[in-house]
Amino acid sequence: LLVSFAAPPASFPLPRSGTQKVQTHPDAETRHHKPHTERAVRMDDDPHGNSVFGGEGTIKEGSGSSSSGSSSGSSSNSSGSLSSHDASSKETLFSDVDCSMFYNDEAVVFLSGIDVEEIPEEVLRGAESIKVLSVAFSTLASIPINLQAFRGLQVLSLAENSLKVLPAEIGTLRMLQTLDLRQNKLKTLPSSLCYLTQLQKLVLRNNCLETIPRNIGNMTSLRFLSLRWNFLKTLPASISNLVQLRILDLNQNMLQELPSLNAMNQLTDLHLQGNQLESLTVDEQIKGCSSLRFLSLSFNLLASVPDCICTLSNLTHLDLEGNLLTKLPLSLGTLTNLNALYLSHNRLKRWPAEMFASTVMPNLETLDLGHNRLGNLNLTPFRNLPKLSNLYLNNNSLSLLPSPLSCISQLHDLRLSFNRISHISPDITQLVRLQQLNIAENRIKTICNELADSPHLQKSLLELRVECNLLDFLPENIQNLSSLTILNIAQNNIKSLCFLSSLPQNSILIKKKKKSFSFV
């Protein structure tokens, strides 16, 4: 039985697949999670943006069927729906509560998005049969129920309240599989929390935690643990016992060291952004995480790339942005499964000429070297990056276009803003698939005619940004860029815009820096 005082999340698992009837709360669209703006990790409920309730057998808000394909119009017991007799008996139990979904013999209770001081008596009478309880997005300062009464509870959400204390009775919910306590005011956790040995998802992000229970390693069924945006300085050694973990999110804490995570050989995602880690405190701690695919160590205090990283052969995303790196080990070029490598906001002055020279990186699509101190760049080794689509070299010390551009002819997005480049040379036409070219905030005085005469760029180039340069004019053939949708020439010395009427239809010409657009 679902008692709904608010709409369920967009993805929500029920204990078994079957038929559901969904009634969406009229205010559902106005309640959202607070957004985060981190680039590498777009996380609402987990680091990939998936709902914390997500999983197999989910239903979509306002839909009449589960993702497993059940039809909302079916009344057959073989599909898992309630018989009319079962539905009637459940409605009698909750006679004074609006029932908007029936789901087999389980109860799903939503009291989310409203101010709740106590749970309706009708709900408490059926506590033993309730499997899912959500009292999220409210103003709870304490939990107004006897948790021991909900012995069969499998999913509990108390997210986005004002809880300061989690009662010790939480440890009595031995059937619990998902617990969402995000965005509260919790400073400590009871040790009884670790009695929840069936728990698979634990979300504690955006609280005030300074420590977590020493016996957290008892929660051996955990697959997802989010502790981002707290005040953790250390982690208990027992965390290494969580060998079933797939995702561990420790972003935005105050960690100066890590316990050994080497036993977590099923861990695929490790998020350590925004801590105070140094190279030596990382190197020996994660070398056993052989299944890692996503590793973020951005905005820490790494002066060198930890040696162990180059042994994690399954990595597809490596984020080392915002550290103190001055050089790179050549062994980075052995991570042949890498899809994205982020190295921006470091102190790199040169790119190792031998990097990528002898090893093909068949999957690398994004290389971010922005906000460093790089001088002119030899792209010859980059010919071993056959899928490189995005190259970010903004905010460096380049005085020339990197060359030879023929080595990265498949590039889609080239960012060269905030350098010292004075000329867009004809070599730019070698980028036959280029879609975005950002060369703003340089010292450019002229744009070569070849740019707009290239038959490839005429079809592919969608965005050209040359604002804040020293341009006196644009070549008249700029109108040949028939696919161009954005042309930004703000903050230059261009006096004549006679080509304006010849720009491609529906393109946007930005003439002034402060959002002054002309639509042609």
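Above this text is the structure in question.
A. Focus on the overall build of the chain. Scanning the chain from N- to C-terminus turns up five helices and 25 strands. In the chain, the share of contacts with a sequence separation of at least 24, taken over all contacts with a separation of at least 6, comes to 45%. Surface exposure of the chain reaches about 22,500 Å², of which carbon and sulfur atoms provide 47%.

B. Structural context of the pattern of salt bridges. A complete count under the given rule lists seven salt bridges for this structure. Here Arg 228 makes a salt bridge to Asp 249, at a shortest N to O gap of 2.5 Å. Of this pair, Arg 228 sits in the loop between β10 (224–226) and β11 (247–249) while Asp 249 is found in strand β11, placing the two residues 21 residues apart along the sequence. Taken individually, Arg 228 and Asp 249 each receive the classification buried, so the pair is uniform in this respect. Across the salt bridge formed by Arg 415 and Asp 413, the nearest N and O atoms sit 3.2 Å from each other. Residue classification places Asp 413 among the buried residues on the basis of a relative accessible area of 9%. Each of Glu 463, Arg 465 and Glu 467 takes part in one network of salt bridges that share partners.

C. Seen up close, the nonpolar core. Judged by nonpolar contacts, the single largest core of 123 residues is most densely connected at Phe 382 and Ile 428. Looking at this core, the elements that each hand over two or more residues are β5 (107–110), β6 (130–134) and α4 (450–453). Those residues in contact with Ile 428, other than ones at most four positions away along the chain, are Leu 401, Leu 405, Leu 414, Leu 434, Leu 437, Cys 448, Leu 451 and Leu 457.

D. Structural context of the packing of aromatic side chains. Scanning the entire structure with this criterion turns up three aromatic pairs. When the centroid spacing of 5.6 Å and the interplanar angle of 40° are considered together, the rings of Trp 351 and Phe 356 count as tilted. Judged by its relative accessible area of 8%, Trp 351 falls in the buried class. A residue is classified by how much of its surface remains accessible, and Phe 356, at 3% relative accessible area, is buried. An aromatic cluster is defined as three or more aromatic residues linked by ring pairs; in this entry it consists of Trp 351, Phe 356 and Phe 382. The cationic tip of Lys 201 hangs over the ring face of Phe 224; the distance from NZ or CZ to the ring centre is 5.9 Å. Above the plane of the ring of Tyr 392 lies Arg 415, whose end atom (NZ or CZ) is 3.9 Å from the centre.

Criteria and cut-off values
Residues numbered from 1 in each chain as written. Predicted model: local features only at pLDDT ≥ 70, side-chain atom pairs only at ≥ 80, totals over all residues. Heavy atoms only, no water. Helix = DSSP H or I, 4+ residues; strand = E, 2+ residues; numbered from the N terminus. Contact = heavy atoms within 4.5 Å. Areas by Shrake-Rupley, 256 points an atom, 1.4 Å probe, with all protein chains shown as cover. Salt bridge = Lys/Arg side-chain N within 4 Å of Asp/Glu carboxyl O. Buried < 20%, exposed > 50% of the residue type's maximum accessible area, 1.4 Å probe, protein only. Core = buried A, V, L, I, M, F, W, Y, C linked by side-chain atoms within 4.5 Å. Phe/Tyr/Trp six-rings, centres within 6.5 Å; stacked < 30°, edge-to-face > 60°. Lys NZ or Arg CZ within 6 Å of the ring centre and 35° of its normal.

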